[in-house]
Amino acid sequence: MSDQNHTPIFNELPFAVIAIAAVMALVEAMVWLGGQGIIGGAQGIGWRVTAVQEFAFSDVAYNWMVSTGAFPFEHLKRFVTYPFVHGSLGHAAFSIVFVLAMGKFAGQVFSNLALVVIFFGASVFGALVYAWLLTTPLPLFGGMPGAYGLIGAYTFLLFVRAVNQGENGLQAFYLIGFLVAIQLLFGLLYGTDKSWVAELAGFAAGFVLCFVVRPGGLQALRDRIQRR
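Here's a quick rundown of the structure.

Rules used in this analysis
- Residues numbered from 1 in each chain as written.
- Predicted model: local features only at pLDDT ≥ 70, side-chain atom pairs only at ≥ 80, totals over all residues.
- Heavy atoms only, no water.
- Phe/Tyr/Trp six-rings, centres within 6.5 Å; stacked < 30°, edge-to-face > 60°.
- Helix = DSSP H or I, 4+ residues; strand = E, 2+ residues; numbered from the N terminus.
- Buried < 20%, exposed > 50% of the residue type's maximum accessible area, 1.4 Å probe, protein only.
- Axes fitted to C-alpha atoms, helices over the stretch in contact; angles between N-to-C directions.
- Parallel < 35°, antiparallel > 145°, perpendicular 65-115°, else oblique.
- Left-handed = near helix turned anticlockwise from the far one by under 90°.
- Contact = heavy atoms within 4.5 Å.
- Salt bridge = Lys/Arg side-chain N within 4 Å of Asp/Glu carboxyl O.
- Arc of directions from axis to C-beta.
- Core = buried A, V, L, I, M, F, W, Y, C linked by side-chain atoms within 4.5 Å.

1. Examining the packing of aromatic side chains
Step number 1: Under the criterion given, the structure shown has 18 aromatic pairs.
Step number 2: Here the aromatic rings of Phe94 and Phe98 are separated by 4.9 Å at their centres, their planes lie at 50°, and the arrangement is tilted. You can see Phe94 and its partner Phe98 sitting in helix α7 (residues 89-106), four residues apart, about one turn around the helix.
Step number 3: Judged by relative accessible area, which is 48%, Phe94 ranks as partly exposed.
Step number 4: Relative to Phe173, the ring of Phe159 lies with its centre 6.1 Å away and its plane at 65°, an arrangement referred to as edge-to-face. One end of the pair, Phe159, is in helix α9 (residues 144-164); the other, Phe173, is in the loop between α9 and α10 (174-190), and 14 residues separate them in sequence.
Step number 5: For Phe173, a relative accessible area of 26% corresponds to the partly exposed category.

Below, the structure written as structure tokens:
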């Protein structure tokens, strides 16, 4: 047999996706082990709470920055650190699985840099929309807004393929429609927080960013600006 038949699955994943998922896993492993009292001693038990306080996105902190005009690093960093903080082991695992799965599909077309831009662009925009639309003391944390950005990238690929084949491009949005329906169902049955606002915003950001970060997209944008 050829070596290709034994290629590990991680060889099929873009490096950027592996790196993002690895950081998520590493942070969660440390926090979980601390919570179990395995590392960190007595302080380790409170690491998850400390991580949320220090690195989650805070609507309160955002409103304070806007009202005062001061933008200290300790609060600005939250836009890009909150995707790596999770509320539980299951929450982290869910985010990691989505990042790996959607990143694998999107990585078939997009470069590593493009995937990084999509993930963090979706995370930042998701946090902004979370702050704009809601007034809540509850922090935003977890990698799902960024993962939804990758879902937006995957949807973009399906949309382009459908249009190029003369099919209905709306079919590409079946996945996000299914996920929204599942969220609504779980919300009705068990209640839900408002993180879905950031997730849907992340999806929209990921989809739109693809027009720029797709192969040749930046040059097309330059040409359009120059024509105007």
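What follows picks up the thread again.
2. Topic: the packing of helix α8 (residues 112-133) against helix α11 (residues 195-213)
Step number 1: Running from N to C, α8 and α11 cross one another at 140°; their axes reach a closest spacing of 7 Å. In terms of their interaxial angle, α8 and α11 are classed as oblique. Of the two elements, α8 crosses α11, and the hand of that crossing is right-handed. Across the interface between the two elements, Ala114, Val117, Ile118, Gly121, Ala122, Phe125, Gly126, Val129, Tyr130 and Leu133 from α8 touch Ser195, Val197, Ala198, Ala201, Gly202, Ala205, Gly206, Leu209, Cys210 and Val213 from α11.

3. Comments concerning the pattern of salt bridges
Step number 1: All told, the structure shown has two salt bridges when counted by the stated rule.
Step number 2: Of the charged contacts in the structure, one is a salt bridge between Glu12 and Lys104, with a shortest N-O distance of 4.0 Å. Here the residue Glu12 occupies a position in the segment before α1 (15-35), and Lys104 occupies one in helix α7, the gap between them amounting to 92 residues.
Step number 3: With a closest N to O distance of 2.8 Å, Glu28 and Arg48 form a salt bridge. Separated by 20 residues along the polypeptide, Glu28 in helix α1 and Arg48 in helix α3 (residues 47-55) bring together distant segments of the chain. There is no split in this pair, since Glu28 and Arg48 are both buried.

4. A closer look at α3
The periodicity of an α-helix, 3.6 residues per turn, causes residues three or four positions apart to be oriented the same way.
Step number 1: Along α3, the positions that sit buried rather than exposed are Arg48, Ala51 and Val52. Projected onto a plane normal to the axis of α3, the buried residues spread over an arc of 95° and lie on a single side. Along α3, exposed side chains directed more than 90 degrees from the buried face belong to Val49 and Gln53.
Step number 2: Where α3 is buried, its residues contact α1, α6 (78-81) and α7.

5. Quick look at the nonpolar core
Step number 1: Ranked by internal contacts, the top residues of the largest apolar core, which has 31 residues, are Val99 and Phe110.
Step number 2: Contributions of two or more residues to this core are made by α1, α7, α8, α9, α10 and α11.
Step number 3: Beyond its immediate sequence surroundings of up to four residues, Val99 is in contact with Val17, Ile20, Met24, Lys104, Phe119, Ala147 and Leu150.
Step number 4: Core analysis: the second largest hydrophobic core is formed by 15 residues, Met65, Tyr82, Tyr130 and Ala131 among them.

6. Topic: the environment of Val60
Step number 1: Turning to its location among the elements, Val60 is positioned in helix α4 (residues 59-68).
Step number 2: Between the C-alpha atom of Val60 and that of Ala131, which follows or precedes it by 71 residues, the distance is 8.5 Å.
Step number 3: In this structure, Val60 is in contact with Thr136 and Pro137, ignoring residues within four places of it in sequence.

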